[in-house]
Amino acid sequence: MGIVSTAERIDARTDPAEPVETGLLTVDLGALAGNWRKLASRAPGAECGAVVKADGYGLGQAAVMRALARAGCETFFVANLLEGETARALAPHADVYVFDGVAPGCGPRLAAAGLRPCIGSAAELAEWTALGAALGRRLEAAIHFDTGMNRLGFAPADASAVAEAAVGIEPTLIMSHFLSAQLPDAPVNARQIADFLAARAHFPGVAASMAASSGVFLPQRPHFDLLRPGYALYGGNPTPGAENPMTPVVSLSARIISLRALGVGETVGYDGVWAATRPTRAATIGAGYADGLPISATAAPGKAAGEAVVGGRRCAFIGRVSMDYIVLDVTEAPEARRGDWVELLGATIDIEELAGRARTIGYEVLTRLGRRYARRYVGG
Ligand SMILES: *Cc1c(COP(=O)(O)O)cnc(C)c1O
């Protein structure tokens, strides 16, 4: 056989409309809006907001916010000042809450952008009160109670003192955060709800929010006045262990850029951690850990490797995931050709599956999606 094999055809079946990038991330904004409506419909008496921190969980804050605003979302949550300023520019009239609260050095810009910090300490409360006094008004903010995360927020036992100290600001929301909402039977959920109810009693007439994605599905229905889902909007499963009630939003494919035949005993990739035990056809795709595909998706003793779908068949990652490339065993997909696109996330492999094969969680997979992909927004 010559050096050009059938698998390495110079005709790579390339369509000029296809991206030149070797990875393609498709975000279905119609599915995103549908997920928002679905979550909203689970709590008819409550408003449904949206958490768009970390660049809209990696999918693009601008596209995500525009789609959700079009669907009717009027309240957004972000983690920090800079995300809040971006949100304010994208949605001039929306309510925008900042989970960090009044982070050191951020107060004046939070106020200037009309953002609502989620205040969780006496120092933040004093700073926000003083800023408001200097501006001649009571600034709006959420009051965050920590019912168990031990991360951010006032102790519920201090609620009465916090209510007294909050006279110099305008509380628009009382909030708390579940630590195990994905476990519907965890006794801590009911304990957190009870502590939150006790704290909230000191703020009559102020809206309340406890439920992130999984909280929406808890049997206690702790929906209060405002839901604040993130993960489920983006297609993540808020009810792990049960069927995913959400519609997938993200699909990710990568291109085969090279193929080769390996004999028994030949290894693939750094340190030769994988060796062929049969004659193997191997395909190299142009995506790796720099694109957010975890190196931990490499096969290890007792742990299956990541997989890609090649022409309808699942093909395992072989060798170590490297920065720019992953090699697939395509022996069982003989029609695989240079230029073909393979599925890494999509109809067959969901976020949870890739995360499980990489010993991480879907949230991390989403928020680490790389910046080198061609990005396509559809259904907008
Ligand atoms: C990130 C976050 C959310 C959203 O959580 P999901 O599980 O993604 O729905 C809600 N509230 C707070 C305080 C958060 O930090």
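Since the structure is predicted, the reported quantities are computational estimates derived from the model, not experimental observations. (Residues numbered from 1 in each chain as written. Predicted model: local features only at pLDDT ≥ 70, side-chain atom pairs only at ≥ 80, totals over all residues. Heavy atoms only, no water.)

Novice: Explain the domain arrangement of the protein chain to me, please; I cannot follow it from the model alone.
Specialist: Think of interface size as the accessible area that goes away when the parts come together; that is how it is often given. Per the domain assignment, the segments making up the protein chain are domain 1 (2–25 + 248–378) and domain 2 (30–234). For domain 1 versus domain 2, the separation of C-alpha centres amounts to 38 Å. The interface is formed by 13 residues belonging to domain 1 together with 13 residues belonging to domain 2. The largest share of the area that domain 1 buries against domain 2 comes from V249, Y363 and L366, three residues that together contribute 47% of it. At the boundary of domain 1 and domain 2, one finds 0 salt bridges. Linking domain 1 with domain 2 are 3 residue pairs in polar contact (both at pLDDT 80 or more). Those elements that provide at least two residues to the side of domain 1 that touches domain 2 are α9 (351–357), α10 (362–367) and β19 (374–378). In terms of residue count, the dominant contributor to the side of domain 1 that touches domain 2 is α10 (4 residues). When its residues are assigned to classes, the side of domain 1 that touches domain 2 shows 9 nonpolar, 2 polar and 2 charged. (Domains from an automatic or database assignment. Contact = heavy atoms within 4.5 Å. Buried area = accessible area lost by both parts, 1.4 Å probe. Salt bridge = Lys/Arg side-chain N within 4 Å of Asp/Glu carboxyl O. Polar contact = N/O pair within 3.5 Å; in protein donor to acceptor, adjacent residues only side chain to side chain. Helix = DSSP H or I, 4+ residues; strand = E, 2+ residues; numbered from the N terminus. Nonpolar A, V, L, I, M, F, W, Y, C, P; charged D, E, K, R; others polar.)

Novice: Hey, could you run me through unusual backbone geometry in this one?
Specialist: Both trends apply: most residues other than glycine have a negative phi, and most peptide bonds are in trans. One non-glycine residue, D55, lies in the positive phi region at around 55 degrees. The residue D55 is located in helix α2 (residues 53–57) in this model. Backbone geometry places R359, a non-glycine residue, at a positive phi of 55 degrees. Assignment of secondary structure puts R359 in the loop between α9 and α10. When its relative accessible area of 59% is taken as the criterion, R359 is described as exposed. (Buried < 20%, exposed > 50% of the residue type's maximum accessible area, 1.4 Å probe, protein only.)

Novice: Would you mind going over the site of the ligand with me for this structure?
Specialist: Around the ligand sit 13 residues, and of these K53, Y57, S213, G230 and Y363 come closest. Measuring from a nitrogen atom of the ligand, one finds a side-chain N or O atom of H177 at 3.4 Å. A distance of 2.7 Å separates an oxygen atom of the ligand from a polar backbone atom of G230. Expressed as a share of its isolated accessible area of 380 Å², the protein-covered part of the ligand is 90%. Class assignment for the residues of the shell around the ligand results in 7 nonpolar, 3 polar and 3 charged. (Near = heavy atom within 4 Å. Areas by Shrake-Rupley, 256 points an atom, 1.4 Å probe, with all protein chains shown as cover.)

Novice: How should the pattern of salt bridges be read in this particular structure?
Specialist: Note that side chains of opposite charge can pair when their charged atoms are close. Within this structure, the stated rule accounts for 17 salt bridges. In this structure, R255 engages E18 in a salt bridge whose closest nitrogen and oxygen atoms are separated by 2.8 Å. Residue R255 is located in strand β11 (residues 250–262), and its partner E18 is located in the segment before β1 (23–28); the two are separated by 237 residues in the primary sequence. Here E18 falls in the partly exposed class, since its relative accessible area comes to 25%. Taking the shortest distance from any N to any O, the salt bridge between D291 and R372 comes out at 3.0 Å. Of the two residues, D291 sits in the loop between β14 (280–285) and β15 (307–310) while R372 sits in the loop between α10 and β19, which places them 81 residues apart along the sequence. For D291, a relative accessible area of 3% gives the class buried. Given the relative accessible area of 43%, R372 is considered partly exposed. Salt bridges linked by common partners bring E307, R314, E353 and R357 together as one network.

Novice: Looking at this model, I keep getting lost on the state of the cysteines. Mind explaining?
Specialist: What is meant by a disulfide is a covalent connection between two cysteines, made through their sulfur atoms. Under the defined criterion, the tally for this structure stands at 0 disulfides. Not engaged in a disulfide, the cysteine C48 finds its nearest cysteine sulfur in C73; these two sulfurs lie 6.6 Å apart. A disulfide-free cysteine, C118 has its sulfur positioned 13 Å from the sulfur of C106, the nearest such atom. (Disulfide = S-S within 2.5 Å.)

Novice: Sorry, what's going on with the layout of surface pockets here?
Specialist: Take a probe with the size of a water molecule and roll it over the atoms, and the empty space left behind shows itself. Of the voids in this model, the largest pocket is the one considered here, and its volume is about 780 Å³. Looking at the largest pocket, it is lined by 32 residues, and the ones nearest its centre are Y57, H177, A212, Y231 and Y363. Of all the secondary structure elements, the ones that give two or more residues to the lining of the largest pocket are α2, α9 and α10. Summarising the domain contributions, the lining of the largest pocket has at least three residues from each of domain 1 (2–25 + 248–378) and domain 2 (30–234). (1 Å grid on protein atoms, 1.4 Å probe; cavity = no way out; pocket = protein on both sides within 12 Å on 5 of 7 lines; lining within 4 Å. Points joined across faces, edges and corners; volume = space filled by probe spheres on them.)

Novice: When you look at the packing of helix α1 (residues 29–41) against helix α3 (residues 61–71) in this model, what are you seeing that I'm missing?
Specialist: Any two packed helices are characterised by how steeply their axes cross, that is the angle between the axes, and by the distance between the axes. Where α1 meets α3, the axes come as close as 9 Å, and the angle between the chain directions of the two elements is 50 degrees. Relative to α3, α1 is oriented oblique. As α1 packs across α3, the resulting crossing turns out to be right-handed. Contacts between α1 and α3 involve L29, L32, A33, W36 and R37 from the first element and A63, V64, A67, L68 and A71 from the second. Per-class residue counts for the contact of α1 with α3 are 9 nonpolar, no polar and 1 charged. (Axes fitted to C-alpha atoms, helices over the stretch in contact; angles between N-to-C directions. Parallel < 35°, antiparallel > 145°, perpendicular 65-115°, else oblique. Left-handed = near helix turned anticlockwise from the far one by under 90°.)

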